[in-house]
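Structural overview for review
Here's the letter readout for the chains.
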Amino acid sequence: MKIRMIAAFALLPFLLLVILLAPTIITAILLGLLCAVAAYELLAGTGLVKNIRLIAYSALTASIVPIWCYFGSVKLWAVLGLSIFTVLLFSELLVSKAKVRIEKISVCFIAGVLIPYLLSALVRIICVYNGRHLLMIPFALAFLSDSGAYFVGRAFGRHKLAPVISPNKSVEGMLGGVATAVIGMLLFCLISDLVMPYRIHYLNAVAYGVVGSFAGVFGDLCFSAIKRQTGIKDYGNLIPGHGGILDRFDSLVVIAPLVEVLMMLLPVVG
């Protein structure tokens, strides 16, 4: 726990710097690097894919997706990129004389395209809504609900939420995560109300906290299920006390695109 806390506080200033001050293209490039590492963790770290070329194709594609989103998500480039990626993957299937199973091709698509595109909602939020402070919302929802669930669960957890998939998660912890996420969103709105000349929708913020927290739990459980199936404890050891990129940002894979949608339907800042 001590190592976990030290690592979190050490990374927090860097994260805030990237969110609030770094040029958007730098944010996109850094996210691309994180997506490449996440692709490697999902494929090689789990042992699901051992073909080095498949891993390389997937990691390279994953690194490009956030940058493509930064430059406007141009459809032509998406079609070209996906076509090249598909040809490369299925070429490995043919070269191997069908020894590379279709399941491995499918998980490469998840690692190289789906997960990076969902996480690239962070870039799209900056580009579409032109407000860097709004990027705090998905991170706050993910980290506050996770931290609230962790501490409340340790103190009061009695009823297991998903004992087979994630034995340490409890119903009490999940509710604690919802509470901290709602409180965090209300604080965000209060600060925004004081410093910004816009209308702040507090009721919408509560909806963000509740829905976002449950979405984070869902994302966490999904990636925990993959770890159970593949028999690993963590996806990696890049972040001391936390594991790999997917261990730390698994909930963001679901929360980030959800926040992107909520900003269109239920804006917090009007």
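In what follows, the accompanying structure is described. (Residues numbered from 1 in each chain as written. Predicted model: local features only at pLDDT ≥ 70, side-chain atom pairs only at ≥ 80, totals over all residues. Heavy atoms only, no water.)

Concerning the overall build of the protein
When helices and strands are counted, the protein shows 11 helices and two strands. When the helices and strands of the protein are placed in sequence order, the string is α-α-α-α-α-α-α-β-β-α-α-α-α. The C-alpha atoms of the protein give 19 Å as radius of gyration, which agrees with the globular expectation for 270 residues (18 Å, within 12%). Its C-alpha atoms give the protein principal-axis dimensions of roughly 60 × 45 × 30 Å. (Helix = DSSP H or I, 4+ residues; strand = E, 2+ residues; numbered from the N terminus. Rg over C-alpha atoms; globule rule 2.2 N^0.38 Å.)

What about the side chain of Asn204?
By the element assignment, Asn204 lies in helix H9 (residues 202-230). Discounting residues that sit within four places of it in the chain, Asn204 has contacts with Leu266, Pro267 and Val268. (Contact = heavy atoms within 4.5 Å.)

So, the side chain of Glu41
Relative to the assigned elements, Glu41 resides in helix H2 (residues 24-45). There is no salt bridge for the buried Glu41, and the closest opposite charge comes from Lys227, which lies 9.4 Å off by N-O distance. If sequence neighbours within four positions are ignored, Glu41 has contacts with Thr46, Tyr235, Gly236, Gly244, Ile245 and Leu246. (Buried < 20%, exposed > 50% of the residue type's maximum accessible area, 1.4 Å probe, protein only. Lys, Arg positive; Asp, Glu negative; His and termini not counted. Salt bridge = Lys/Arg side-chain N within 4 Å of Asp/Glu carboxyl O.)

What to know about a nonpolar patch on the surface
Residues Ile183, Leu186, Leu187, Leu190, Ile191, Leu194, Val195 and Tyr202 make up a contiguous nonpolar surface patch of about 770 Å² in total accessible area. Among the elements that take part in the nonpolar patch, helix H8 (residues 171-195) stands out by supplying seven residues, more than any other. You can see Ile191 is positioned in helix H8. (Patch = residues over 30% accessible without salt bridge, like charges linked within 9 Å, V, L, I, M, F, W, Y side chains within 5 Å. Areas by Shrake-Rupley, 256 points an atom, 1.4 Å probe, with all protein chains shown as cover.)

Overview of helix H5 (residues 102-119)
When the terminal C-alpha atoms of H5 are compared, their 25 Å separation across 18 residues agrees well with the 26 Å that a helix rising 1.5 Å per residue should span. At Ile110, H5 shows its largest kink, close to 35°. (Expected span 1.5 Å × (residues − 1). Bend = angle between axes of the 7 residues up to and from the residue.)

Quick look at the pattern of salt bridges
Per the stated rule, a full pass over the model turns up seven salt bridges. The shortest N-O distance in the salt bridge between Asp146 and Arg248 comes to 2.7 Å. Here the residue Asp146 occupies a position in helix H7 (residues 136-156), and Arg248 occupies one in helix H10 (residues 245-249), the gap between them amounting to 102 residues. Assessed through its relative accessible area of 21%, Asp146 is described here as partly exposed. Assessed through its relative accessible area of 15%, Arg248 is described here as buried.

Side note on the packing of helix H4 (residues 75-95) against H5
Between H4 and H5, the shortest axis-to-axis distance is 10 Å and the interhelical angle comes to 150°. Put simply, H4 runs roughly antiparallel to H5. The two elements H4 and H5 cross, and the hand of that crossing is right-handed. In this structure, H4 contributes Leu82, Phe85, Thr86, Leu89, Phe90 and Leu93 to the contact, and H5 contributes Ile102, Ile105, Cys108, Phe109, Gly112 and Val113. Considered class by class, the residues forming the contact of H4 with H5 number 10 nonpolar, two polar and no charged. (Axes fitted to C-alpha atoms, helices over the stretch in contact; angles between N-to-C directions. Parallel < 35°, antiparallel > 145°, perpendicular 65-115°, else oblique. Left-handed = near helix turned anticlockwise from the far one by under 90°. Nonpolar A, V, L, I, M, F, W, Y, C, P; charged D, E, K, R; others polar.)

Quick look at the pairing of strand S2 (residues 166-170)
Where strand S1 (residues 160-162) and S2 come together, two bridges link them in antiparallel fashion. When the bridges of S2 are listed, Ala162 appears paired with Ser166. The antiparallel pairing of S1 with S2 creates a hairpin that spans three residues between the two strands. (Pairing = 2+ DSSP bridges.)

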